[in-house]
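# Tertiary structure, described
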Amino acid sequence: TRLANHLAGQIVRSSTSPALNYGEAQSAESQKDFVHKMQVILKELRETKICLKIINRKKFISLKETSSVLKENEELIAIFAQSVKTAKSKL
């Protein structure tokens, strides 16, 4: 469907963006810049999570196939949220 195609494209973009932005964060020019880039990663991970939830609700693919991906996404959100918190404490 048109919605499925849109979500497929969106999830490809939002789910690959964190890895690319993490490379940028490693080359941050300052602690403030690092925090900003890490926050962008969090936004993309959360966007991916929402796309996965829509895919589950619309039953485009089985819950079994997306549950492990959703779990890993939530683990990454927790890791990066803690990293942002730690980095902010050093500002």
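Residues numbered from 1 in each chain as written. Predicted model: local features only at pLDDT ≥ 70, side-chain atom pairs only at ≥ 80, totals over all residues. Heavy atoms only, no water.

## Remarks on the overall build of the protein
- Counting its regular elements, the protein contains three helices and zero strands.
- Across its three principal directions, the C-alpha atoms of the protein cover 45 × 20 × 15 Å.
- Within the protein, the proportion of its 91 residues that are buried is 30%.
- Intrachain contacts of the protein at a sequence separation of at least 6 include 71% that bridge at least 24 residues.
- For the protein, the accessible surface area stands at approximately 6,300 Å², while carbon and sulfur atoms represent 56% of it.
- In the protein, the 16 positive side-chain charges and the 9 negative ones have mean positions that sit 8 Å from each other. (Helix = DSSP H or I, 4+ residues; strand = E, 2+ residues; numbered from the N terminus. Buried < 20%, exposed > 50% of the residue type's maximum accessible area, 1.4 Å probe, protein only. Contact = heavy atoms within 4.5 Å. Areas by Shrake-Rupley, 256 points an atom, 1.4 Å probe, with all protein chains shown as cover. Lys, Arg positive; Asp, Glu negative; His and termini not counted. Charge placed at Lys NZ, Arg CZ, Asp CG, Glu CD.)

## What about the packing of helix 2 (residues 31–58) against helix 3 (residues 63–89)?
- Interhelical geometry of helix 2 versus helix 3 gives an angle of 160 degrees and a closest axis separation of 9 Å. Between helix 2 and helix 3, the crossing angle belongs to the class labelled roughly antiparallel. Viewed along their axes, helix 2 and helix 3 form a crossing whose handedness is left-handed.
- Split by residue class, the contact of helix 2 with helix 3 holds 17 nonpolar, seven polar and four charged. (Axes fitted to C-alpha atoms, helices over the stretch in contact; angles between N-to-C directions. Parallel < 35°, antiparallel > 145°, perpendicular 65-115°, else oblique. Left-handed = near helix turned anticlockwise from the far one by under 90°. Nonpolar A, V, L, I, M, F, W, Y, C, P; charged D, E, K, R; others polar.)

## A word on the packing of aromatic side chains
- Enumeration over the complete set of coordinates arrives at one aromatic pair.
- Judged by centre distance (5.9 Å) and plane angle (80 degrees), the ring pair of Y22 and F80 falls under edge-to-face. Here F80 lies in helix 3 and Y22 lies in helix 1 (residues 2–26), a separation of 58 residues in the sequence. (Phe/Tyr/Trp six-rings, centres within 6.5 Å; stacked < 30°, edge-to-face > 60°.)

## Brief notes about the nonpolar core
- A25, V35, M38, I41, L42, L45, I77, F80, V84 and A87 form the largest nonpolar core, which has 10 residues in total.
- Looking at this core, the elements that each hand over two or more residues are helix 2 and helix 3.
- Tallying contributions element by element places helix 2 first for this core, with five residues.
- Excluding anything up to four places from it in sequence, L45 contacts P18, N73, L76, I77 and F80.
- The next biggest cluster of nonpolar side chains, apart from the first, holds six residues, and it includes L7, I11, C51 and L52. (Core = buried A, V, L, I, M, F, W, Y, C linked by side-chain atoms within 4.5 Å.)

## Section: unusual backbone geometry
- Non-glycine residue K59 carries a positive phi angle of around 55 degrees.
- Owing to a relative accessible area of 69%, K59 belongs among the exposed residues under this scheme.

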